[in-house]
Amino acid sequence: MIFRLSSFFCMALLGNALADTTNWSGTSQISFDGTSTLHDWGGKVATKPFATIVTTDAAGNPTRVEASVTVEVAKMNTAEAKRDENMLKAMQATAHPLITGIIDAPFSAIRQGDAAPSTLPLKLTLLGKTQTITGRLSQWKQQSDKATFDLDFDLSLKKSDVKVPSVLLFTRVGDTIKVHASVSLKRNPS
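Residues numbered from 1 in each chain as written. Predicted model: local features only at pLDDT ≥ 70, side-chain atom pairs only at ≥ 80, totals over all residues. Heavy atoms only, no water.

1. Re the side chain of Thr55
Point 1. As for its placement among the helices and strands, Thr55 is situated in strand 3 (residues 50–56).
Point 2. Ignoring anything within four residues of it in the chain, the contact list for Thr55 reads Asp20, Thr21, Asn61, Pro62, Thr63, Arg64 and Glu66. (Helix = DSSP H or I, 4+ residues; strand = E, 2+ residues; numbered from the N terminus. Contact = heavy atoms within 4.5 Å.)

2. Observations concerning the environment of Gly135
Point 1. Mapped onto the fold, Gly135 is located in strand 7 (residues 129–143).
Point 2. By relative accessible area, Gly135 is classed as buried at 0%.
Point 3. Sequence separation between Gly135 and Leu151 is 16 residues; the distance between their C-alpha atoms is 5.9 Å.
Point 4. In this structure, Gly135 is in contact with Ser118, Thr119, Leu120, Leu151, Asp152 and Phe153, ignoring residues within four places of it in sequence. (Buried < 20%, exposed > 50% of the residue type's maximum accessible area, 1.4 Å probe, protein only.)

3. Re the pattern of salt bridges
Point 1. Going through the model one piece at a time under the given rule, you end up with eight salt bridges.
Point 2. Of the charged contacts in the structure, one is a salt bridge between Asp154 and Lys178, with a shortest N-O distance of 3.3 Å. Highlighted residues: Asp154 in strand 8 (residues 146–156) and Lys178 in strand 9 (residues 176–187), separated in sequence by 24 residues.
Point 3. With a relative accessible area of 48%, Lys178 lands in the partly exposed category.
Point 4. Through salt bridges with shared partners, a single network forms among Lys82, Glu85 and Lys89. (Salt bridge = Lys/Arg side-chain N within 4 Å of Asp/Glu carboxyl O.)

4. So, the confidence of the model for the chain
Point 1. On average, the chain scores 85 in pLDDT, and the residues at 70 or more come to 83%.
Point 2. No element of the chain has a lower mean pLDDT than helix 1 (residues 2–18), at 37, and none a higher one than strand 2 (residues 41–46), at 97.
Point 3. Within the model, the stretch residues 1–17 combines pLDDT values under 50 with zero contacts to residues more than four positions away or in other chains. (pLDDT = per-residue confidence, 0-100.)

Spelled out as structure tokens, the structure:
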């Protein structure tokens, strides 16, 4: 019995010793689209460069993905100065200058079987409030040390506590913002 327990612990330690992490550098271009009573509108912003850590098991299979992605609210741009000014006020850019997305998920939550990744759970902090979002992955491509994919999710202004005032008493912004991110990752040299 003692031999079996010590063998188990040795194998567990050896398995952990053989597990590995790889670091990837990431960038993302984000577009966001909304509606209002007069017309649809949209904008763009780039994330700050970010690091992604992929943990693999002894066989080299990914087991966990971790990343922290940050967007500077002041750099969000709708290509219309007055709308940008109103957006920064609604987003309380001075008090909450950053939007953060935290990814810390087992690979099984991202990839089902042999299929390409299809979902990505993340915790999004906006206006100091954190909410759980599940993004839809598409266009997954990996070649050697590079990977790219698109991530889409809907964001409710009401659930995010973003209060957009009406303009001229009748123009109102719709509650749902469609967010699209084009993500590029590159494995860092060991």
